[in-house]
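For reference, the chains in residue letters:
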Amino acid sequence: MTSVNDLIDNSKMLQLITERLDNTPKTKAINHLEMNHELIELILDLYNDDEDFPFEKMRKFSVEDILDYLQVTHQYYLSKKLPEIEQSLLHIFSKYGQSHQLLASLAIFFNDYKNKLVDHIRMEEKQLFPYIRKVIVASKVKTVCAGSLEIDPNFSIEKFISSHSPIEDELKEVSQIIKNYSSNEAIPLPYKIFLNQVELFELELRKHAIIEDHILVPMVIELEQKLKMPLRN
Ligand SMILES: [Fe+2]
Ligand SMILES: [Fe+2]
């Protein structure tokens, strides 16, 4: 597997993490995240090494902190990362034209991938995050009042866990598609640049999923247990 350090050095990695904060309109949540240096530093550690990462250190942060970070990250993917990768494809298009078979395969793959990623993010934004926000509210109000919160009966954290697919894995196909077409020749530079962007994005999504699965979900389960959830009959 490509190590993180092969792709990017530490200062660039920090830049990558803070870039999502710079790219978002300044809301209270963003200001709060920007001030939360400890959280950003821990996320940087996670980007550098997720195998020995001390997950217990994340417990000092609130579920809202983690949720805010993930939500900003979704925005960053949709408004910055995906358009950047598309821009790269357009650049290749302007150099090689539509007739290039490799380009056609990549464009089909990427378009399909983008739709899947947008659906993945939409589900989290429309179901998972609102559910968690309600659990947070429930944890702050009296248990008797918690029952009156309208929780989507078709959603549960267990369902989320079982359906949360590793969406980044498919991106590995990009390198395979490019290699298949250039088996005997060197990979042209614009494709190398594109591949590099995609590999970095794959790393991004992998770390993002680790934060969702190993930090956010356990925190929510703990909150649910405190409330003796599920909050529905
Ligand atoms: Fe997500
Ligand atoms: Fe996810």
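Below you will find a few notes about this structure.

About the thresholds
Residues numbered from 1 in each chain as written. Chains lettered and ligands numbered in written order. Predicted model: local features only at pLDDT ≥ 70, side-chain atom pairs only at ≥ 80, totals over all residues. Heavy atoms only, no water. Helix = DSSP H or I, 4+ residues; strand = E, 2+ residues; numbered from the N terminus. Contact = heavy atoms within 4.5 Å. Areas by Shrake-Rupley, 256 points an atom, 1.4 Å probe, with all protein chains shown as cover. Lys, Arg positive; Asp, Glu negative; His and termini not counted. Charge placed at Lys NZ, Arg CZ, Asp CG, Glu CD. Donors = N, O, S within 2.8 Å, 3.2 Å for Na, K, Ca; no water. Tetrahedral: all angles 85-135°; square planar, octahedral: opposite > 155°, others 65-115°. Buried < 20%, exposed > 50% of the residue type's maximum accessible area, 1.4 Å probe, protein only. Salt bridge = Lys/Arg side-chain N within 4 Å of Asp/Glu carboxyl O. Polar contact = N/O pair within 3.5 Å; in protein donor to acceptor, adjacent residues only side chain to side chain. Axes fitted to C-alpha atoms, helices over the stretch in contact; angles between N-to-C directions. Parallel < 35°, antiparallel > 145°, perpendicular 65-115°, else oblique. Left-handed = near helix turned anticlockwise from the far one by under 90°. Nonpolar A, V, L, I, M, F, W, Y, C, P; charged D, E, K, R; others polar. Phe/Tyr/Trp six-rings, centres within 6.5 Å; stacked < 30°, edge-to-face > 60°.

### Some words on the overall build of the chain
When you go through the chain residue by residue, the secondary structure sums to ten helices and zero strands. When the helices and strands of the chain are listed from N to C terminus, the series reads α-α-α-α-α-α-α-α-α-α. Taken over the C-alpha atoms alone, the chain extends approximately 70 × 35 × 35 Å along its principal axes. A sequence separation of at least 24 residues applies to 83% of the contacts in the chain between residues at least 6 apart. Carbon and sulfur atoms provide 53% of the accessible area of the chain, an area that totals close to 12,800 Å². Looking at the chain, you have 27 positive and 37 negative side-chain charges, and the mean spots of the two groups are 5 Å apart.

### Focus on the coordination of the iron ion (ligand 1)
When a metal holds four donors in a tetrahedron, each ideal angle between them is 109.5 degrees; when it holds six in an octahedron, the ideal angles are 90 or 180 degrees. Coordination of the iron ion (ligand 1) by the protein comes from His74 (NE2), Glu124 (OE), His208 (NE2) and Glu212 (OE), over a distance range of 1.9 to 2.2 Å. Relative to the metal, the four donor atoms surrounding the iron ion (ligand 1) lie at angles of 83 to 171°, and the coordination shape comes out irregular. Each donor residue of the iron ion (ligand 1) belongs to the same chain, with the gaps between them written as H-x49-E-x83-H-x3-E. Taken as a pair, the iron ion (ligand 1) and the iron ion (ligand 2) lie 3.3 Å from each other and share Glu124 as a ligand. Highlighted residues: His74 in helix 5 (residues 63–96) and Glu124 in helix 6 (residues 101–140), separated in sequence by 50 residues. Each of the two residues, His74 as well as Glu124, counts as buried.

### Observations concerning the coordination of the iron ion (ligand 2)
Every protein donor of the iron ion (ligand 2) is accounted for by His120 (NE2), Glu124 (OE), His164 (NE2) and Glu212 (OE), and the metal-donor separations fall at 2.0 to 2.2 Å. Between the four donor atoms coordinating the iron ion (ligand 2), the angles at the centre fall across 85 to 176°, so the site counts as irregular. The motif formed by the donor residues of the iron ion (ligand 2), counted along the single chain, is H-x3-E-x39-H-x47-E.

### Some words on the pattern of salt bridges
Using the criterion set out here, one finds 15 salt bridges in the structure. The partner of Asp50 in a salt bridge is Lys207, with the nearest N and O atoms 2.7 Å apart. A residue pair is termed long-range when its members are at least 10 positions apart, and Asp50 in the loop between helix 4 (37–48) and helix 5 and Lys207 in helix 10 (residues 189–226) qualify at 157 residues. The class of Lys207 is buried, set by a relative accessible area of 2%. In this structure, Lys80 engages Glu84 in a salt bridge whose closest nitrogen and oxygen atoms are separated by 2.4 Å. With a gap of four residues between them, Lys80 and Glu84 both fall in helix 5, about one helical turn apart.

### Things to note about the side chain of Arg20
Following the sequence through the fold, Arg20 ends up in helix 2 (residues 10–22). Residue classification places Arg20 among the buried positions, given a relative accessible area of 0%. For Arg20, the side chain forms a polar contact with the main-chain oxygen of Ile17, separated by 3.0 Å. Within the structure, Arg20 has its side chain in polar contact with the side chain of Tyr69 (distance 3.1 Å). Aside from chain neighbours lying at most four places away, what touches Arg20 is Tyr47, Tyr69, Val72, Thr73, Tyr76, Tyr77 and Glu204.

### Some remarks on the packing of helix 4 against helix 10
The contact between helix 4 and helix 10 brings their axes to 10 Å, and the two run at 120°. Overall, the two elements helix 4 and helix 10 adopt an arrangement that is oblique. Pair helix 4 / helix 10 crosses with right-handed handedness. Facing Ile43, Leu46 and Tyr47 of helix 4, the residues of helix 10 in contact are Leu203, Glu204, Lys207, Ile210 and Ile211. Its residues assigned to classes, the contact of helix 4 with helix 10 comprises six nonpolar, no polar and two charged.

### Concerning the packing of aromatic side chains
Applying the stated criterion across every chain yields a total of seven aromatic pairs. Ring geometry for Tyr77 against Phe201: centres 5.3 Å apart, planes inclined by 85°, an arrangement best described as edge-to-face. Of this pair, Tyr77 sits in helix 5 while Phe201 sits in helix 10; the two residues are 124 residues apart in sequence, bridging distant segments of the chain. As far as the burial class goes, Tyr77 and Phe201 line up, both buried. Measuring from ring centre to ring centre gives 6.1 Å for Phe109 and Tyr113, while their planes differ by 10°; the resulting arrangement is stacked. One end of the pair, Phe109, and the other, Tyr113, are both in helix 6, four residues apart, so they sit about a helical turn from each other. The buried category is assigned to Phe109, whose relative accessible area is 10%.

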